[in-house]
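Summary of structural features
Here is what each chain is made of, one letter per residue.
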Amino acid sequence: MPAYAMAPARPPHVPAELVFDYDVFEPGPPGSDFYVELYALKHRAPPVFWTPYNGGHWYTTDSDLTEQVLGDNIRFSNQVLQLPRENNPPPGKGYAPMFLDPPDHAAYRHLLLVALSRKAVTDLIPKIRALAVDLIEDMKPRGRCDFITEFAYQLPVITFFGLTNLPERYHDRMKELVRGIVDAHSDKAQLFRDLSDHLASFVDDRIANPGDDLISHLSRQEVNGAPITPEKLRGMTELLLLAGQDTVANTFGFIAAFLAANPEHRRWISNHPERASHAIDELMRRFPVVANGTARLCVAEAELGDARILPGDPILATPTMMNFDDRLYPDPLKVDFERHLANTGSFGRGPHRCVGAGLARAELSIFLEEWLPRIPEFRIAEDSPPRFVPGVTISYDRLMLEWPTA
Ligand code: HEM
């Protein structure tokens, strides 16, 4: 059934002038550039509006209002992160800390913040680099690749193996499951169940036989004076895998496609290695992939611009609308490595801001540092241009790159 067919009537507290028909999973017609469409939406829709699509929900296009929602975990709960709201786990069953609210959220988040700033993550960087070099060297003589499957999805999954010290016997099945989940035509619900089972046996093994890895480290921690439960630990392990897959891989895809089409930007990065991390921030500002994954559920009445949001109302406040703010970033669809960057929304904002940002930025830096010197000239193959795919994260269906071979 199409999402619109399930739409409720306009609730009495929503004024008619704040209703705007918009389906977040159809940001533009097939074949269009979804970022251009999202920027256009920011200008043609009210700063905050209610749409009947996907079960009926609010949406903020104004960056201040977006920030207000993401920064307020008292009125806006993380029980609902995706739309429609039925697509979320039952209250209390979602991954910690992502689906949690105060007071529990901070305690679990702290564990991940500490875990992901551990020396183990720094030690992992040479391994990620070695894998990136292997992948690039392997594809270089071929002069062509599908960047999404051959590179973008390889690096984050291997990063997870390293992060958790996942024994090799789990690797093949894990790669297979992640590949399946990424496939637009797969039975995702079944694959997520299989992934959960597969990881659960690994986590239970770590609880029984702890080592010097991140999962064993987490298994020894306490929350509110009690040991972390196996159920919570399994959820956190899954979250560490899933939160760092699509996000990193799709960001790789957009950055690689942009650089393929813009040789002068490639050269800028090669000529300013000391400013590469600024270039990454600007590219991530221009291509924020988490377009529909930061919904919230209103749990206490809130005034938001012209809208009165009532408990029970879902609302989507998306980083894209912060990154495309003309007041902060004039001509926001332009990639400008010289522009001043305020705190962009790419990794979210407020109490749930991404805890894996450092690791993600390390993966992106490694890509630029290792790809550009080896394959300085590359372009998008004309015979198969990439197409945007809507979803919780925006992605490309494929990215065929080609380059001259010696
Ligand atoms: C380019 C890559 C990435 C992007 C764009 C990204 C984006 C985001 C965003 C927008 C949020 C906020 C969600 C919300 O407000 O509801 C978030 C949260 C989170 N991210 Fe990332 N992320 C990336 C990579 C990673 C990686 C590599 C990891 C871990 C290995 C990770 C782990 C998490 C976790 C655990 C949270 C939840 C934090 C909380 O609820 O307190 N992310 N991410």
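As shown above, the structure is provided for reference.
Residues numbered from 1 in each chain as written. Predicted model: local features only at pLDDT ≥ 70, side-chain atom pairs only at ≥ 80, totals over all residues.

Examining the overall build of the protein
Scanning the protein from terminus to terminus reveals 15 helices and 14 strands. For a compact globule of 406 residues, the expected C-alpha radius of gyration is about 22 Å, and the protein comes in at 21 Å, within 12% of that figure. The principal-axis extents of the C-alpha atoms in the protein amount to approximately 65 × 55 × 40 Å. Expressed as a percentage of the 406 residues in the protein, the buried residues total 40%. Of the contacts formed within the protein by residues at least 6 apart in sequence, a portion of 71% connects residues at least 24 apart. (Helix = DSSP H or I, 4+ residues; strand = E, 2+ residues; numbered from the N terminus. Rg over C-alpha atoms; globule rule 2.2 N^0.38 Å. Buried ≥ 20, exposed ≤ 12 C-beta atoms within 10 Å, placed from the backbone. Contact = placed C-beta atoms within 7 Å.)

Quick word on the nonpolar core
Side chains of a nonpolar character, in soluble globular proteins, are inclined to be buried together. Residues Phe 147, Met 236, Phe 252, Ile 255, Ala 256 and Ile 315 are the most contacted members of the largest nonpolar core, which totals 102 residues. Those residues in contact with Ile 315, other than ones at most four positions away along the chain, are His 57, Trp 58, Val 69, Phe 76, Ala 295, Arg 296, Cys 298 and Ile 309. (Core = buried A, V, L, I, M, F, W, Y, C linked by C-beta atoms within 7 Å.)

Here's the deal with the packing of helix α4 (residues 119-139) against helix α15 (residues 357-374)
With their axes 10 Å apart at the nearest point, α4 and α15 run at an angle of 35° to one another. Between α4 and α15 lies a crossing whose hand is right-handed. For the pair α4 and α15, contact is made by Val 121, Ile 125, Ile 128, Arg 129, Ala 132, Val 133 and Ile 136 and by Leu 359, Ala 362, Glu 363, Ile 366, Phe 367, Glu 370, Trp 371 and Arg 374, respectively. (Axes fitted to C-alpha atoms, helices over the stretch in contact; angles between N-to-C directions. Left-handed = near helix turned anticlockwise from the far one by under 90°.)

Some details on the sheet that holds strand β7 (residues 295-298)
In spatial order, the strands read β1-β2-β10-β7-β3; together these five strands make up an open sheet with mixed pairing. Here the strands that pair on one side only, and so sit at the sheet edges, are β1 (48-51) and β3 (76-77). Looking at chain direction, β1 and strand β2 (residues 57-60) are connected through four bridges and run antiparallel. From the neighbouring strand, Trp 50 faces β2, where its bridge partner is Trp 58. In the packing of helix α2 (residues 63-70) onto the sheet, contacts are made with β1, β2, β3, β7 and β10 (314-317), and the angle to β10 comes to roughly 120°. (Pairing = 2+ DSSP bridges.)

Some details on the site of the ligand
Near the ligand lie 27 residues; those nearest to it are Gly 244, Thr 247, Gly 348, Cys 354 and Gly 356. For the shell around the ligand, the per-class residue count stands at 17 nonpolar, nine polar and one charged. (Near = placed C-beta within 6 Å. Nonpolar A, V, L, I, M, F, W, Y, C, P; charged D, E, K, R; others polar.)

What to know about the sheet that holds strand β14 (residues 400-402)
Here three strands make up an open sheet; going across it, the order is β4-β14-β11 and the pairing antiparallel. Every other strand in the sheet has two partners, leaving β4 (144-146) and β11 (379-380) as the edge strands with one partner each. The pairing of β11 with β14 spans two bridges and is classified as antiparallel. By the bridge assignment for β14, Arg 379 is matched with Glu 402.

Section: the pairing of β7
Residues Ala 295 and Leu 297 line one face of β7 and the alternating positions Arg 296 and Cys 298 line the opposite face, and both faces are buried. Bridge count for β3 against β7 is two bridges, and the pairing is antiparallel. Following the sheet pairing, Phe 76 is matched in β7 by Cys 298. Bridge count between β7 and β10: three bridges; the pairing is antiparallel. Its bridge partner lying in β10, Ala 295 is registered against Leu 316.

Some remarks on helix α8 (residues 188-208)
Between the first and last C-alpha of α8 there are 30 Å, a value that for 21 residues agrees with the 30 Å anticipated at 1.5 Å per step. Every buried residue of α8 is listed here: Leu 195, Leu 199, Val 203 and Arg 206. For α8, the angular spread of the buried residues around the axis is 65°, confining them to a single face. In α8, the exposed residues that point more than 90 degrees away from the buried face are Gln 190, Arg 193, Asp 197, Ser 201 and Ala 208. (Expected span 1.5 Å × (residues − 1). Arc of directions from axis to C-beta.)

A short note on the pairing of β1
Covered by surrounding structure in β1 are Val 48 and Trp 50 together with Phe 49 and Thr 51, the residues of both alternating faces. Counted along the chain from β1 to the antiparallel partner β2, the turn is five residues long, and its residue Asn 54 has a positive phi close to 50°.

Some remarks on helix α13 (residues 276-286)
Along α13, the residues classified as buried are Ala 279, Ile 280, Glu 282, Leu 283, Met 284, Arg 285 and Arg 286. The elements touched by buried residues of α13 are α11 (246-261), α12 (263-271), α14 (319-323) and α15.

Topic: unusual backbone geometry
Here the bond from Leu 83 into Pro 84 is cis, since omega is -5°, no more than 30 degrees from zero. Position of Pro 84 relative to the elements: it lies in the loop between β3 and α3 (104-116). With a phi close to 50°, Asn 54 is a non-glycine residue in the positive phi region. Mapped onto the fold, Asn 54 is located in the loop between β1 and β2.

Regarding the packing of α13 against α15
Between α13 and α15, whose axes approach to 10 Å, the crossing angle comes to 110°. In terms of orientation, α13 and α15 fall into the roughly perpendicular class. The two elements α13 and α15 cross, and the hand of that crossing is right-handed. Residue-level contacts link Ala 276, Ser 277 and Ile 280 of α13 to Arg 361, Leu 364, Ser 365 and Leu 368 of α15. Class assignment of the residues belonging to the contact of α13 with α15 gives a composition of four nonpolar, two polar and one charged. (Parallel < 35°, antiparallel > 145°, perpendicular 65-115°, else oblique.)

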